[in-house]
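Tertiary structure, described
Below are the chains, spelled out letter by letter.
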2 protein chains.
Amino acid sequence: MDGPLAFDLVARDGLARRGRLTLAHGVVDTPAFMPVGTRAAVKGITLDQVEALGADIVLANTYHLHLRPGDDLIARAGGLHAFMHWKRALLTDSGGYQVFSLATRRVLSEDGVVFRSHLDGAECRLTPESAIEIQSRLGADVAMMFDECPSWPAEEPAVAAAMQRTLRWARRGRDRFEAIVGGAVPDVARPTPGQVLFGIVQGGTFKGLRDASVRGTLDVGFEAYAIGGLSVGEPVDLMYEVAGHTAAQLPDARPRYLMGAGTPVDLLESVARGLDLFDCVLPTRNARNGQLFTRQGPLSIKNARYALDTLPPDPACACPTCKRHSRAYLRHLFMAGEISASILNTVHNLYFYLDTMRSIRKAIEFGTFEAFKNEFLDTYSLGQPERDA
Amino acid sequence: MDGPLAFDLVARDGLARRGRLTLAHGVVDTPAFMPVGTRAAVKGITLDQVEALGADIVLANTYHLHLRPGDDLIARAGGLHAFMHWKRALLTDSGGYQVFSLATRRVLSEDGVVFRSHLDGAECRLTPESAIEIQSRLGADVAMMFDECPSWPAEEPAVAAAMQRTLRWARRGRDRFEAIVGGAVPDVARPTPGQVLFGIVQGGTFKGLRDASVRGTLDVGFEAYAIGGLSVGEPVDLMYEVAGHTAAQLPDARPRYLMGAGTPVDLLESVARGLDLFDCVLPTRNARNGQLFTRQGPLSIKNARYALDTLPPDPACACPTCKRHSRAYLRHLFMAGEISASILNTVHNLYFYLDTMRSIRKAIEFGTFEAFKNEFLDTYSLGQPERDA
């Protein structure tokens, strides 16, 4: 189908693509990393800080926001943009992954999923239709279809069944989305008229299932396509192979979103295979656990070797944390359990991710992506040098 | 004694004073509120944020920093300013109050205090001399003498004995400080050569004891004087009375510091009685507990009445939190336990305190302090108006 989605490919380098995705609330330069703002907040920092770090788009979550504070409340506030006071683009995940990873007493049927809220045990229900209605009320620029996410590892027949059900759900979700757009569901608020819907390809690590899922999802037709069900524990080489195999079959003219990926290396390897959009909790979650991403690989700030280290976390980094603070001070904050440890580490890690994406985009424009990637990986694999304390 | 302390009184209005205190790392405009940065960090926000909020000076704590990360480590990093990368003024409390409120298995003698660390139970010892040595190594602009802080309420003989011991400790601390300044204690680092030492007047709520403490402390001689042992649970009217009674006997030409105060009302009432410097955990601690200070009194953001409230916490406030976010969003963040709830609430509360001090300083300059104070107190006592949700 031809949706309202504008995606201009401004440069190519091998399979890597440099694009410009125009959404209702702004332009997203791709390849892009989307910071995760599960509960309408990026954990550890404020939206002023997310903005200053240069994020074009933030991801929020249907499952979490439906449970608290509720999509009705957010719709009454004028939608997620108004509620958060975030003026750039937003994407809402459909909640499928969270229902399967967080909810308890989950009963899955062709209709959808009935489950208990992880917050208070209240019985809830998500279906392909209701996930779309919730996302319509939230009004992110991009909504995602509701899918069934098998855990990894799983046997091929189970993955095949989930993939087939996901296709049937894709059509139901697409139909409901079009009904809402067409005004046939008047009781569902629609704060972002330009909202677009992305499909999700499933099929685990089975290439035959991925092929069938691509064909079926394209047949339903979405404004763009995501690859779900990867980055869930499978070996990284297998992830890269399946992601590349799947991406090659997705429309060249539409952005391709690898959901839940990943490490800095994952991002480079996936860009090299033609992926454009990414999200992952790693930079924010690991920040709160004291792991800082650097050009020379991850650094665990609680390590005693940093107690007297006057260097910034990454001497080559221009983020506010590295411009001001030493490893010694950051270690002290972390050991003392200060909130500012989480803030400063999150600022650094998100800057590192967003800045790496900026470098990737430039490299693609200059036709030097392969060289950039090799140099990045070489340095990243060195690890932190031994230093005197 | 005539220390290196420069304190210019630029305006007076009744007993209220508008001063300019020049310390080694910068000028502090008084009356001033000093945000509390106990462990070399202001809880809930980064030093970039503290700086942007306009704090001239931050307070850190001898007891906490001695235990972790240790004053030796901080001295090796070049002192507290270098360790924190904070270029403005710092003041270190002596640790007396913390030893008496936090440490366990405390044994008090004329020599000092032997206690167990609240972190790991390790045996530690603080004396008037060691508290000065630790503070010399930390190198704040202002060090505080080590005092004995009786809890409230206490009988007059006990308060008198503590006050008398505090006077003997004052002389011992002063002597050690001068020995360090004079180069007679070469093994103690001194990263801030212009460091000054403030004395502390004790005596509880007994005016006679306060009078004796003032005389004795002035006799020892310090660059300036603080009033300790108030804001520890006594009725506020008694606190104001004793603070005013004591302040009137302190040198007019030196700043007067009321330790541990207080609420916005406490600050106004104390400025009206000639006090110049204040510190308190209220704005930061209460922020983390969801209490926001506003012109119309405190606001508990977790209250259900704010679930759909699109107003900022204080509609008359120009802080980054109020400029961007609604009570509804802040309530959601608080209920969800997001770190950004602590950040945004702390930014607002500290801005409110620092901005109130700016207004106080201007009012003194204009000779309108009494009118400002009355209007502030009238509005503050109104409380939050009832609104439709």
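Each remark here, short or long, concerns the structure printed above.
Everything in this summary refers to the structure shown in the same document. Remember, it's a predicted structure, so these values are computed and weren't measured experimentally.

Criteria and cut-off values
Residues numbered from 1 in each chain as written. Chains lettered and ligands numbered in written order. Predicted model: local features only at pLDDT ≥ 70, side-chain atom pairs only at ≥ 80, totals over all residues. Helix = DSSP H or I, 4+ residues; strand = E, 2+ residues; numbered from the N terminus. Rg over C-alpha atoms; globule rule 2.2 N^0.38 Å. Buried ≥ 20, exposed ≤ 12 C-beta atoms within 10 Å, placed from the backbone. Contact = placed C-beta atoms within 7 Å. Pairing = 2+ DSSP bridges. Axes fitted to C-alpha atoms, helices over the stretch in contact; angles between N-to-C directions. Parallel < 35°, antiparallel > 145°, perpendicular 65-115°, else oblique. Left-handed = near helix turned anticlockwise from the far one by under 90°. Nonpolar A, V, L, I, M, F, W, Y, C, P; charged D, E, K, R; others polar. Expected span 1.5 Å × (residues − 1). Least-squares fit on C-alpha atoms with pLDDT ≥ 70 in both. Core = buried A, V, L, I, M, F, W, Y, C linked by C-beta atoms within 7 Å.

1. Here's the deal with the overall build of chain A
Summing up its helical and strand segments, chain A has 15 helices and 16 strands in all. Over its C-alpha trace chain A gives a radius of gyration of 21 Å, about what one expects of a compact globule, namely 21 Å for 389 residues. Taking all 389 residues of chain A together, the buried fraction comes to 56%. A fraction of 69% describes how many contacts in chain A between residues 6 or more apart in sequence connect residues 24 or more apart.

2. Things to note about the pairing of strand 9 (residues 123-126) of chain A
All names here are of chain A. Direction of pairing for strand 8 (residues 113-116) relative to strand 9: antiparallel, over a ladder of four bridges. Looking across to strand 9, one finds that Val113 is bridged to Leu126. Hairpin connection, strand 8 to strand 9: the antiparallel pair is bridged by six residues, and Gly121 has positive phi, about 80 degrees.

3. Details of the packing of helix 8 (residues 207-220) of chain A against helix 9 (residues 236-247) of chain A
Residue and element names in this part refer to chain A. At a minimum axis separation of 10 Å, helix 8 and helix 9 run at an interaxial angle of 30 degrees. It follows from the interaxial angle that helix 8 and helix 9 lie roughly parallel. In the crossing of helix 8 with helix 9, the sense of the turn from one axis to the other is right-handed. Between helix 8 and helix 9, the residues in contact are Lys207, Arg210 and Val214 and Val242, His245 and Thr246, respectively. Taken together, the residues of the contact of helix 8 with helix 9 break down into two nonpolar, two polar and two charged.

4. Some points on helix 14 (residues 339-366) of chain A
Residue and element names in this part refer to chain A. Its 28 residues give helix 14 an end-to-end C-alpha distance of 41 Å, which sits within 8% of 40 Å, the value for a rise of 1.5 Å per residue. Buried residues dominate helix 14, accounting for 22 of its 28 residues. Immediately beyond the C-terminal end of helix 14, within one or two residues, lies Gly367, with a positive phi of roughly 70 degrees.

5. Quick notes on the relation of the copies chain B and chain A
These two copies of the chain differ by a rotation about an axis and a displacement along the same axis. Of the two same-sequence chains, chain B is brought onto chain A (RMSD 0.0 Å, axial shift 0.0 Å) by a rotation of 180 degrees. On this basis, the relationship between the two copies can be described by a two-fold rotation axis. Rotation axis and chain B: the residue whose C-alpha lies nearest the axis is Ile339(B), separated from it by 3.8 Å.

6. Concerning the interface of chain B and chain A
If you look at the interface, chain B gives 34 residues, while chain A gives 34 residues. Taken together, the elements giving at least two residues each to the side of chain B that touches chain A come down to helix 3 (71-76), helix 4 (80-84), helix 12 (320-324), helix 13 (327-336) and helix 14 (339-366) of chain B. If one sorts the elements of the side of chain B that touches chain A by residue count, helix 13 of chain B sits on top with six residues. Residue composition of the side of chain B that touches chain A, by class: 19 nonpolar, eight polar and seven charged.

7. Looking at the nonpolar core
Among the nonpolar cores identified, the biggest contains 240 residues, and Val58(A) and Val58(B) are the most heavily contacted of them. In contact with Val58(B), not counting residues within four places along its chain, are Met34(B), Pro35(B), Gly37(B), Val42(B), Val50(B), Trp86(B) and Leu90(B).

8. Some points on the sheet that holds strand 3 (residues 26-30) of chain A
Each strand in a sheet pairs with another by means of backbone hydrogen bonds, the pair being arranged parallel or else antiparallel. Residue and element names in this part refer to chain A. Spatially, three strands are ordered 1-2-3 in an open sheet, and the strand pairing comes out antiparallel. Pairing within the sheet leaves two strands with one partner each, and these edge strands are strand 1 (6-13) and strand 3. Taking the axes of each pair of neighbouring strands and ignoring which way they run, one obtains an average angle of 15 degrees across the sheet. Looking at chain direction, strand 2 (residues 16-23) and strand 3 are connected through five bridges and run antiparallel. Among the inter-strand pairings, Gly19 is bridged to a residue of strand 3, identified as Thr30. Along the sheet face, helix 14 touches strand 1, strand 2 and strand 3 and points at about 115 degrees away from the line of strand 2.

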